[in-house]
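Residue-level listing of the chains:
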Amino acid sequence: MRSGAFDAERPVNQIHFGGGTPTFLDDGQLARLMDTLSSHFSFRDDDGGDYAIEIDPRTVDRKRLVTLRSLGFNRISLGVQDLNPLVQKAVNRVQPYEMIRDTIAWAREIGFHSINVDLICGLPLQTETSLLHSLDRLLPLKPDRISMYNYAHLPARFKVQRQIDESALPPAAEKIRMVSRGGSLLQDHGYRFIGMDHFALEDDEMARAQRDGKLHRNFQGYTLHGDTDLVGLGVSAISDIGDLYLQNEKGLDQWKARLHDDQLPIWKGYRLERDDMIRRDLIMRLLCDLELDIGAFESRWKLDFDDYFADALPAWRNFDREGLADREGRRLKITDQGRLVSRALVQVFDAHIQATEPAKYSRVL
């Protein structure tokens, strides 16, 4: 249904199977899904696209990784979370270090282009010391990229989190120390702090893209494909097509019912106005480049920067006083310290957030 709206010759430069753990599907289901997609969209045949899949190390072995590679996937992301056995048991995800080590080694042997590892800060029984110990064991494996996400405990929203003992969650101050020390350790071992939660080896193409000012963000995170349309197909998936955002039904039953009635399972949509595009460009550049050339931005959008963002600049000056950001003449910058909260800093330029929660950034900090 979605492919009918696109030129069949347009190449698919990026695929991301995520939003959970796709490897809970068996090999036959994954093969059928990839075959169906490739019959409706123009997949690249040169292995030059970014075709990624998130995997749960508990659900794969070497043979299964060979199958995933043969289906066209050339990037994998491992959900590691933490290597401490006590922490793993507390979150009901026991996966020994040896399992992670072997999965990464197999992926390299089989020829995956890039290996990403996801860690989480703020899990029950986790401490600054335990996280650093996990990193000490992980770093010799040299994954190309490492993401360190902040754990958000939302048991009312996520049923699986109701099994977690809230009293075992670390306090906010401990989480801040985890992120700070963990980030410093990664940088000491040759990883570039891309921004927010993401780190990449200095010779990784994502790190090179940031140095060259070519990095972008979309709903999957940082990407090298900022010029592409994003088509989301699963439950709650978000599409970014031209000046239009779309989100699919957030409930499985509703999503299935719409498809059963031969309707696209779109829950809501939003068409960007000029102001949205201006602010998106500003936020994108700060999150990806960690700085903004005000003169170039004014020329691109034909506006006076100080006048257009008069409401937001007082908050930015406050970040400057806190050492999180600065303004040097005609340039805005996020400092090394500010990178840890860059998502909160850029929110002052987001008119939608400021209209509903004008003080949200201060609570995040």
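Higher on the page you've got the structure.
For every chain, the first residue of the written sequence is number 1, and numbering continues from 1 onward in sequence order. At least 70 in pLDDT is required for a residue's local features to be given in this predicted model, at least 80 for side-chain atom pairs to be given and counted, and no such filter applies to totals for whole chains, interfaces and linings, which use all residues. In computing side-chain properties, one takes all heavy atoms of the structure into account and sets aside hydrogens as well as water.

## Quick word on the environment of Leu 119
Heads up, the rule is: Numbering of helices and strands runs from the N terminus, with a helix taken as a DSSP run of H or I at least four residues long and a strand as a DSSP run of E at least two residues long. For every residue, the accessible area obtained with a 1.4 Å probe (protein chains only) is divided by the maximum for its type, and the residue is called buried under 20%, exposed over 50%, and partly exposed between those limits. In what follows, residue pairs with any heavy atoms lying within 4.5 Å of each other are defined as contacts.
Secondary-structure assignment places Leu 119 in strand β6 (residues 114-121). We classify Leu 119 as buried; its relative accessible area is 2%. Once the C-alpha coordinates of Leu 119 and Ile 146 are considered, the two residues, 27 residues apart in sequence, prove to be 7.4 Å apart. Ignoring any residue separated from it by four or fewer positions in sequence, one finds Leu 119 in contact with Val 80, Gln 81, Leu 135, Leu 138, Ile 146, Ser 147, Met 148 and Tyr 149.

## As for the nonpolar core
For the record, the criterion: For our purposes a nonpolar core is just a set of buried Ala, Val, Leu, Ile, Met, Phe, Trp, Tyr and Cys residues, chained together by side-chain atoms within 4.5 Å.
Counting 44 residues, the largest nonpolar core has Leu 135 and Met 148 as its most contacted members. Sorting elements by how many residues they give to this core places helix α4 (residues 97-110) first, with 5 residues. Among all residues touching Leu 135, those that are not within four sequence positions of it are Leu 119, Pro 140, Met 148, Gly 182, Leu 185 and Leu 186. Core analysis: the next-biggest nonpolar cluster, separate from the first, contains 35 residues, Ala 209, Leu 215, Leu 287 and Phe 297 among them.

## A few points about the pairing of strand β8 (residues 191-195)
Note the cut-off: Pairing between strands is defined by DSSP: at least two bridges between the two strands are required.
Counting buried positions along β8 yields 4 of 5 residues, so the element is predominantly enclosed. Bridge count for β8 against strand β9 (residues 198-201) is 4 bridges, and the pairing is antiparallel. Of the residues in β9, the one forming a bridge with Tyr 191 is Leu 201.

## What about the sheet that holds strand β13 (residues 244-248)?
Two pairing modes exist for strands in a sheet, parallel and antiparallel, and in both the strands are linked by backbone hydrogen bonds. Under the convention used in this document: Whenever a helix is involved, its axis is fitted only over the stretch in contact; in every case the axis is a line through C-alpha atoms, and angles between N-to-C directions fall within 0 to 180 degrees.
Strands sit in the order β12-β13-β14 across an open sheet of 3 strands; the sheet is antiparallel. Of all strands in the sheet, those with a lone pairing partner are β12 (238-241) and β14 (266-271), marking the two edges. Strand-to-strand, the axes of this sheet are offset by a mean angle of 15°, without reference to chain direction.

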